[in-house]
Amino acid sequence: MIQIRERLQTLRTQIAYLQAHSAVDVEVSLDILDQLDGIARDLAIALDQANLIGVDMEQVLATPAVVQRIEQVAQSIQRDRTARSYVWRLLRSCWYQKRSTVELARAWGSPDGAMQRHIYRAARSLETYGLLIAVEEGYRVNMAEIERLSKSNPH
């Protein structure tokens with residue numbers, strides 16, 4: 001993954017040089033690089049998820065260090081009991097793929113703005129504590145952090 005990102009940066013540098021030193025229109029090349037960036041992000045997500053394929057989600061979420069971190073998240077939003085109630089549900093829903101707060105609100109039966117705000121608040125707290133990652137217009141589980149926590153001692 002690092003090699004892909006390094007190669008993308010090299011290509012960006014080369015295109016910037018071409019733009020500065022020639023009359024060649026390289027706008028199309030920048031579009032291609034943006035597409036490659038998206039592919040690299042998708043690949044990173046897939047690799048993160050592949051690290052825990054075959055591992056029971058509930059088993060990982062029951063690991064003491066993971067439970068402790070999730071409890072910290074819940075404590076951080078204790079004033080919003082509704083948002084707090086979505087913490088575990090969000091982790092389970094975003095385990096295998098990216099989900100948006102709008103999509104989750106619809107799936108959970110209430111696409112109104114209030115529910116979306118509670119889900120968003122819970123997602124932001126999970127992101128702050130490193131358990132979710134904002135990806136484009138949604139969130140996914142930070143598998144690298146979950147894996148690190150599941151292999152660590154909670155104290």
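For the structure itself, look to the data block above.
Colleague: Can you walk me through helix H8 (residues 113–128) in this structure?
Modeller: The periodicity of an α-helix, 3.6 residues per turn, causes residues three or four positions apart to be oriented the same way. Helix length check: H8, at 16 residues, gives a terminal C-alpha distance of 22 Å against a target of 22 Å (1.5 Å per residue), a fit within 8%. Of the surrounding elements, those touching the buried residues of H8 are helix H4 (64–76), helix H5 (81–85), helix H6 (87–93), helix H7 (101–107), strand E1 (132–135) and strand E2 (138–141). Downstream of H8 by one or two residues, Gly-130 has phi in the positive range, about 80 degrees.

Colleague: For this particular structure, what's the right way to read the packing of aromatic side chains?
Modeller: The geometry of an aromatic ring pair is captured by the separation of the ring centres together with the interplanar angle, meaning the angle of the planes. Throughout the structure, instances matching the rule amount to two aromatic pairs. Ring centres 5.4 Å apart and planes at 10 degrees place the aromatic pair Tyr-86 and Trp-108 in the stacked group. Taken together, the residues span a long stretch of sequence, with Tyr-86 in the loop between H5 and H6 and Trp-108 in the loop between H7 and H8 at a distance of 22 residues. Where Trp-95 meets Tyr-96, the ring centres are 6.5 Å apart and the plane angle is 80 degrees; that geometry is what we call edge-to-face. Among the residues examined, Trp-95 registers a relative accessible area of 1% and is labelled buried.

Colleague: Is there a simple way to explain the pattern of salt bridges in this structure?
Modeller: Once their charged atoms are close, side chains differing in charge can pair, the charge on each being opposite to the other. All chains considered together, the criterion is met by seven salt bridges. For the salt bridge of Arg-69 with Glu-145, the shortest nitrogen-to-oxygen distance reads 2.9 Å. A residue pair is termed long-range when its members are at least 10 positions apart, and Arg-69 in helix H4 and Glu-145 in helix H9 (residues 143–150) qualify at 76 residues. Each of the two residues, Arg-69 as well as Glu-145, counts as buried. Connected through salt bridges with shared partners, the residues Arg-69, Glu-145 and Arg-148 form a single ionic network.

Colleague: Before we go on, may I ask you to explain the side chain of Ser-100 in this structure?
Modeller: Mapped onto the secondary structure, Ser-100 falls in the loop between H6 and H7. For Ser-100, the residues in contact, after removing those within four places along its chain, are Glu-137 and Gly-138.

Colleague: Looking at this structure, how should I read the pairing of E2?
Modeller: Side-chain positions along a regular strand alternate between the two faces of the sheet. Alternating positions in E2 separate into two faces, Gly-138 and Arg-140 on one and Tyr-139 and Val-141 on the other, with burial throughout. With four bridges joining them, E1 and E2 adopt antiparallel strand pairing. Across the sheet, residue Ala-134 finds its bridge partner in E2, namely Tyr-139. In sequence, E1 turns back onto E2 through a hairpin of two residues, with Glu-136 there showing a positive phi of about 50 degrees.

Colleague: Explain the packing of H4 against H9 here, please?
Modeller: Any two packed helices are characterised by how steeply their axes cross, that is the angle between the axes, and by the distance between the axes. Contact pair H4 / H9: the axes reach a minimum separation of 7 Å and the direction vectors enclose 125 degrees. Put simply, H4 runs oblique to H9. From H4, Ala-65, Val-66 and Arg-69 reach across to H9, where they touch Glu-145, Ile-146, Arg-148, Leu-149 and Ser-150. When grouped by side-chain class, the residues that make up the contact of H4 with H9 number four nonpolar, one polar and three charged.

Colleague: Even after reading the chapter, I still don't get H4, so can you show me in this structure?
Modeller: Here H4 contains 13 residues, and its C-alpha end-to-end distance of 18 Å stays within 8% of the 18 Å for a straight helix at 1.5 Å per residue. Within the span of H4, buried status applies to Ala-65, Val-66, Arg-69, Ile-70, Val-73 and Ala-74. Of the surrounding elements, those touching the buried residues of H4 are helix H3 (57–61), H5, H6, H8 and H9.

Conventions and cut-offs
- Residues numbered from 1 in each chain as written.
- Predicted model: local features only at pLDDT ≥ 70, side-chain atom pairs only at ≥ 80, totals over all residues.
- Heavy atoms only, no water.
- Helix = DSSP H or I, 4+ residues; strand = E, 2+ residues; numbered from the N terminus.
- Expected span 1.5 Å × (residues − 1).
- Contact = heavy atoms within 4.5 Å.
- Phe/Tyr/Trp six-rings, centres within 6.5 Å; stacked < 30°, edge-to-face > 60°.
- Buried < 20%, exposed > 50% of the residue type's maximum accessible area, 1.4 Å probe, protein only.
- Salt bridge = Lys/Arg side-chain N within 4 Å of Asp/Glu carboxyl O.
- Pairing = 2+ DSSP bridges.
- Axes fitted to C-alpha atoms, helices over the stretch in contact; angles between N-to-C directions.
- Parallel < 35°, antiparallel > 145°, perpendicular 65-115°, else oblique.
- Nonpolar A, V, L, I, M, F, W, Y, C, P; charged D, E, K, R; others polar.

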